[in-house]
Amino acid sequence: EKLYGYSAVEVIGRPAELSGEIDQSMEQIRRGEQVHHLETVRMRKDGQRIEISATVSPIKDLNNKVIGMSMTARDISEHKRAEAALRESETRYRRLFEAAHDGILILDADSGEICDVNPFLADLLGYSHAELLGKKLWEINLFRDVLSSKEGFIELQSKGFIRYEHLPFESRNGKRIDVEVVSNVYIAGDRKVIQCNIRDITERRRADAERMRLMTAIEQAAEGMVVTDAAGDIEYVNPAFTSITGYSREEALGKNPRILKSGKHDAAFYPGM
């Protein structure tokens, strides 16, 4: 009565109006067989659809002839909604995993075996997905220092979270790749895993090195150099600037280059410059 919203008086004597799934099982019932965990959708009195899991059993007389059936039903609507939400969440995660432009490596936290690897990382390393699965991290020799040793893996296990800002990585064809690695341990189902997010920072480090060389050249230049923002406020001066002008870097920053105005030119000169 509670499940369907009908009182016993309202339904006794009325046709059961079996659903398609139950009707298809009637032949088994007529043969005297029980049908277990039959999932179907039913309609409550108020029009609400509910999903149920039913067990349908034949009722037999003393001569073993089937004269009816009994059905026990359990409301599984919430369970089915939770299952659907979980599937949707897993699909979203899988899409992110597959489409990520960072490498993702999933390891068994106890054995160090590779459980999964996303396409970006497999391509970066020059291995197929199948070649990486089931291998130990140190068997593939991806890392040349910390993570290539079993001791490094033990450190990962014990700390639960670890970050390496720069690790030398080597692809299958010997190409050197600089990577940043963030690893953390978590429980996935009944299994403890380590997820390593691996970012290729080779270009970034190359650009940083180039900027460092450029800054070294500017810092050592004999000519005074000034950088301002769009409003004209000074953001950078090199050592030669301080030597030429007598202003320290601290005195110049935030000021406008007009602090160098001598007043020895006519009024039209300065706006023009």
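In this report, the structure presented in the accompanying data block is examined. (Residues numbered from 1 in each chain as written. Predicted model: local features only at pLDDT ≥ 70, side-chain atom pairs only at ≥ 80, totals over all residues. Heavy atoms only, no water.)

1. Thoughts on the pairing of strand β8 (residues 191–200)
Link 1 in the chain: As judged from the six bridges shared by strand β4 (residues 103–108) and β8, these two strands associate in the antiparallel manner. Counted as the bridge partner of Ile106 is Gln195 from β8.
Link 2 in the chain: Bridge count for strand β7 (residues 176–188) against β8 is ten bridges, and the pairing is antiparallel. Following the sheet pairing, Val185 is matched in β8 by Ile194.
Link 3 in the chain: What sits between β7 and β8 in their antiparallel hairpin is a turn of two residues, with Gly189 showing a positive phi close to 70 degrees. (Pairing = 2+ DSSP bridges. Helix = DSSP H or I, 4+ residues; strand = E, 2+ residues; numbered from the N terminus.)

2. Topic: the sheet that holds strand β1 (residues 35–43)
Link 1 in the chain: Taken in spatial order, the three strands of this open sheet run β1-β2-β3, and their pairing is antiparallel. Edge positions in the sheet fall to β1 and β3 (66–75), since each has one partner strand and no second. On average, adjacent strands in this sheet sit at an angle of 40 degrees to one another, irrespective of strand direction.
Link 2 in the chain: Looking at chain direction, strand β2 (residues 49–60) and β3 are connected through nine bridges and run antiparallel. Note that in β3 the partner of Thr55 across the bridge is Thr72. (Axes fitted to C-alpha atoms, helices over the stretch in contact; angles between N-to-C directions.)

3. Digging into the pattern of salt bridges
Link 1 in the chain: Counting across every chain of the model gives 21 salt bridges.
Link 2 in the chain: Arg92 serves as the salt-bridge partner of Glu88, at 3.0 Å between the closest nitrogen and oxygen. Here Glu88 and its partner Arg92 are both found in helix α4 (residues 77–99), four residues apart, which amounts to about one turn of the helix.
Link 3 in the chain: Residue class for Glu88 comes out partly exposed when judged on its relative accessible area of 47%.
Link 4 in the chain: The salt bridge partner of Arg204 is Glu180, with a shortest N-O separation of 3.4 Å. Of this pair, Arg204 sits in helix α9 (residues 202–220) while Glu180 sits in strand β7, and the two are 24 residues apart along the sequence. (Salt bridge = Lys/Arg side-chain N within 4 Å of Asp/Glu carboxyl O. Buried < 20%, exposed > 50% of the residue type's maximum accessible area, 1.4 Å probe, protein only.)

4. Observations regarding the side chain of Gln195
Link 1 in the chain: Turning to its location among the elements, Gln195 is positioned in strand β8.
Link 2 in the chain: Residue contacts for Gln195: discarding those within four places in its chain leaves Tyr93, Ile104, Leu105, Ile106, Val182, Ser183, Asn184 and Tyr186. (Contact = heavy atoms within 4.5 Å.)

5. Brief notes about the nonpolar core
Link 1 in the chain: Among the nonpolar cores identified, the biggest contains 25 residues, and Leu105, Leu107, Leu121, Leu132, Phe169 and Ile198 are the most heavily contacted of them.
Link 2 in the chain: Breaking this core down by element, the ones donating at least two residues are β4, β5 (114–117), α5 (119–125), α7 (137–140), α8 (150–159), β6 (161–170), β7 and β8.
Link 3 in the chain: Once you skip the residues sitting within four places of it in the chain, Leu121 turns out to touch Gly103, Ile104, Leu105, Phe169 and Ile198.
Link 4 in the chain: Core analysis: the second largest hydrophobic core is formed by six residues, Ile22, Met26, Ile29 and Val35 among them. (Core = buried A, V, L, I, M, F, W, Y, C linked by side-chain atoms within 4.5 Å.)

6. Side note on the environment of Leu124
Link 1 in the chain: Inspection of the secondary structure assignment puts Leu124 in helix α5.
Link 2 in the chain: Here the alpha-carbon distance between Leu124 and Gly13, two residues 111 residues apart in the chain, equals 70 Å.
Link 3 in the chain: Apart from the residues within four sequence positions on either side, Leu124 is in contact with Phe169, Ser171, Ile177 and Asp200.

7. Some details on the layout of surface pockets
Link 1 in the chain: Counted as a void, the largest pocket has a volume near 750 Å³.
Link 2 in the chain: In this structure, the largest pocket is lined by 20 residues; those nearest its centre are Tyr4, Val11, Pro15, Ala16 and Arg42.
Link 3 in the chain: For the lining of the largest pocket, the secondary-structure elements that each account for two or more residues are α1 (8–11), β1 and β3.
Link 4 in the chain: Of the pockets and cavities examined, the second largest pocket occupies roughly 290 Å³.
Link 5 in the chain: Around the second largest pocket, the lining residues are Pro257, Arg258, Leu260, Lys261, Ser262, His265, Phe269, Tyr270, Pro271 and Met273. (1 Å grid on protein atoms, 1.4 Å probe; cavity = no way out; pocket = protein on both sides within 12 Å on 5 of 7 lines; lining within 4 Å. Points joined across faces, edges and corners; volume = space filled by probe spheres on them.)

8. Re the sheet that holds β7
Link 1 in the chain: Taken together, the five strands give an open sheet; going across it, the order is β5-β4-β8-β7-β6, and neighbouring strands pair in antiparallel fashion. Of all the strands in the sheet, the pair left with one neighbour each is β5 and β6. Each neighbouring strand pair of the sheet contributes to a mean axis angle of 25 degrees, computed without reference to strand direction.

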